[in-house]
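Single-letter residue listing:
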Amino acid sequence: KKFIEVKDLQKTYDNGHQAIKSVSFSVNKGDLVCLLGPSGCGKTTTLNMIAGLLAPTGGDILVEGKSMIHVEPKDRNIGYVFQNYALYPHMTVLQNVMFPLTVGKGKKSKNEAKKIAKRYMQLTHIEELADQKPGKLSGGQQQRVAIARALVQEPKILLMDEPLSNLDARLRLKIREEIRALVKEVGITTLFVTHDQEEALSIGDRIILFNEGTVQQNDTGDNLYLEP
Ligand code: ADP
Ligand code: ADP
């Protein structure tokens with residue numbers, strides 16, 4: 001049974017721009033799937049609709065067979081790592097990572113939240129940065145904080161939008177290996193958006209190739225046909 005099913009998803013923005021014409025794909029539990037394609041082909045729009053931050057104008061998104069369309073973002077059990085990390089600048093690293101556990105329905109006690117946060121900070125190698133503010137950190141360190149914060153509620157699905165694009169080339173290689181190892185260790189089903197072929201080939205179990213608001217190919221890296 002498919003874990004995520006995206007069926008004939010469509011999005012026309014209020015200004016009339018048809019960003020997603022029709023997108024269908026499914027994702028198996030535990031897979032790391034890359035959404036690959038050039039800037040403007042609709043990758044972020046698709047991710048935002050899966051997260052519930054943007055309402056589709058057509059189609060459906062099912063998780064474990066249940067439609068998400070009318071489910072609030074906070075009830076979707078999805079972790080999202082944004083391209084610019086979106087860390088809270090006035091909070092320390094520990095406070096950033098704890099934050100999702102200190103608000104909303106499933107709110108934990110402060111001590112419990114701290115304990116869980118520290119576990120994920122260990123997994124992402126940022127324990128020693130606990131008391132720093134994000135502004136003092138390197139891009140790679142901020143990235144790890146964003147990932148820890150996205151994982152701390154133990155979501156069923158992890159969405160990552162160009163998570164490496166603000167890093168230098170060497171760090172990109174290192175962090176993408178770390179991301180793959182981490183999501184496999186945690187076992188979380190992950191959608192990873194990138195415009196970089198090589199990145200998608202190296203990290204993805206499967207690659208969904210987007211083109212102008214449609215899916216052009218959906219295959220393993222080995223079987224994908226790529227323009228030279
Ligand atoms: P990608 O993530 O692949 O770069 P996006 O999903 O960000 O693509 O954008 C897809 C298309 O939709 C682009 O042409 C973009 O300019 C357009 N777009 C994105 N957001 C909006 C918006 N709020 N209103 C109108 N058009 C938008
Ligand atoms: P990405 O880098 O993910 O493709 P962009 O940098 O294209 O995103 O877009 C940044 C923000 O601007 C997003 O919130 C997007 O919705 C909005 N946006 C992008 N294109 C347009 C557009 N043509 N009209 C209105 N808003 C847009």
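Being a predicted model, the structure only gives us computed values, none of them experimental.

Asks: Outline the overall build of the protein, supporting the account with residue identities and numerical values.
Replies: Helix and strand counts for the protein come out as six helices and ten strands. For 228 residues, the compact-globule estimate of 2.2 N^0.38 gives 17 Å, and the protein sits close to it at 17 Å. Among the 228 residues that make up the protein, the fraction classed as buried is 47%. Of all intrachain contacts in the protein linking residues separated by at least 6 positions in sequence, the fraction that spans at least 24 positions is 69%. Side chains of the protein give 30 positive and 27 negative charges; the mean places of these two sets differ by 8 Å.

Asks: Account for the packing of helix H4 (residues 139-151) against helix H5 (residues 169-186), naming residues and giving values.
Replies: Contact geometry of H4 with H5 gives a least axis separation of 11 Å together with a crossing angle of 15°. One element, H4, and the other, H5, form an angle in the roughly parallel class. Crossing geometry of H4 relative to H5 is assigned as right-handed. Between H4, through Gly-140, Gln-143, Arg-144, Ile-147 and Leu-151, and H5, the contact on the second element is made entirely by Leu-171, Lys-174, Ile-175, Glu-178, Ile-179 and Leu-182. The residue makeup of the contact of H4 with H5, split by class, is six nonpolar, two polar and three charged.

Asks: Would you mind going over the site of ligand 2 in detail, with residue names and values included?
Replies: Surveying the vicinity of ligand 2 reveals the residues Thr-44, Gln-83 and Asp-161. Interatomic distance of 2.8 Å between a side-chain N/O atom of Thr-44 and an oxygen atom of ligand 2. Contacts to ligand 2 include Gln-83, whose side-chain N or O atom sits 3.2 Å from an oxygen atom.

Asks: How would you explain the site of ligand 1 if you had to name every residue and give the values?
Replies: Around ligand 1, the structure places Tyr-13, Asn-15, His-17, Ala-19, Pro-38, Ser-39, Gly-40, Cys-41, Gly-42, Lys-43, Thr-44 and Thr-45. Thr-44 places a polar side-chain atom, nitrogen or oxygen, 2.7 Å from an oxygen atom of ligand 1. Residue Thr-45 places a side-chain N or O atom 2.5 Å away from an oxygen atom belonging to ligand 1. Calculation on ligand 1 without its partners gives an accessible area of 560 Å², and the protein chains cover 63% of this total. Residues that form the shell around ligand 1 fall into these classes: four nonpolar, seven polar and one charged.

Asks: If you had to explain the nonpolar core to someone new, which residues and values would you point to?
Replies: Side chains that are nonpolar tend, in soluble globular proteins, to be buried together. Core analysis: the largest hydrophobic core is formed by 42 residues, its most contacted members being Val-93, Val-97, Ile-126, Leu-158, Ile-179 and Phe-192. Sort the elements by how many residues they give to this core and H4 lands first, with six residues. Excluding anything up to four places from it in sequence, Val-93 contacts Met-121, Ile-126, Leu-129, Ala-130, Gln-132, Leu-137 and Val-145. Core analysis: the next-biggest nonpolar cluster, separate from the first, contains 27 residues, Val-23, Val-27, Val-33 and Leu-35 among them.

Asks: I'd like to hear about the pairing of strand E1 (residues 4-12), residue by residue, with values.
Replies: Summarising the sheet, E1 and strand E2 (residues 18-27) pair through six bridges and their orientation is antiparallel. Looking at E2, one finds that Lys-11 is bridged to Ile-20. Between E1 and E2, which follow one another and run antiparallel, lie five residues, and Gly-16 among them has a positive phi close to 95°. Here E1 runs beside strand E4 (residues 58-63); their pairing, made up of five bridges, is antiparallel. Directly across from Lys-7, in E4, lies its bridge partner Asp-60.

Asks: Quick rundown of the packing of aromatic side chains? Include the residues and the values.
Replies: Any pair of aromatic rings gets described here by the distance separating the centres and the angle formed by the planes. Summed over the entire model, instances satisfying the criterion amount to two aromatic pairs. Ring plane angle 20° and centroid distance 4.1 Å describe the contact between Tyr-80 and Phe-82, whose orientation is recorded as stacked. Of the residues examined, Phe-82 reaches a relative accessible area of 30% and is grouped as partly exposed. Here the aromatic rings of Tyr-88 and Phe-99 are separated by 4.9 Å at their centres, their planes lie at 65°, and the arrangement is edge-to-face. A residue pair is termed long-range when its members are at least 10 positions apart, and Tyr-88 in the loop between strand E6 (78-81) and helix H2 (93-98) and Phe-99 in the loop between H2 and helix H3 (110-123) qualify at eleven residues. Classification of Phe-99 by relative accessible area gives partly exposed; the value is 27%.

Procedures and definitions
Residues numbered from 1 in each chain as written. Chains lettered and ligands numbered in written order. Predicted model: local features only at pLDDT ≥ 70, side-chain atom pairs only at ≥ 80, totals over all residues. Heavy atoms only, no water. Helix = DSSP H or I, 4+ residues; strand = E, 2+ residues; numbered from the N terminus. Rg over C-alpha atoms; globule rule 2.2 N^0.38 Å. Buried < 20%, exposed > 50% of the residue type's maximum accessible area, 1.4 Å probe, protein only. Contact = heavy atoms within 4.5 Å. Lys, Arg positive; Asp, Glu negative; His and termini not counted. Charge placed at Lys NZ, Arg CZ, Asp CG, Glu CD. Axes fitted to C-alpha atoms, helices over the stretch in contact; angles between N-to-C directions. Parallel < 35°, antiparallel > 145°, perpendicular 65-115°, else oblique. Left-handed = near helix turned anticlockwise from the far one by under 90°. Nonpolar A, V, L, I, M, F, W, Y, C, P; charged D, E, K, R; others polar. Near = heavy atom within 4 Å. Polar contact = N/O pair within 3.5 Å; in protein donor to acceptor, adjacent residues only side chain to side chain. Areas by Shrake-Rupley, 256 points an atom, 1.4 Å probe, with all protein chains shown as cover. Core = buried A, V, L, I, M, F, W, Y, C linked by side-chain atoms within 4.5 Å. Pairing = 2+ DSSP bridges. Phe/Tyr/Trp six-rings, centres within 6.5 Å; stacked < 30°, edge-to-face > 60°.

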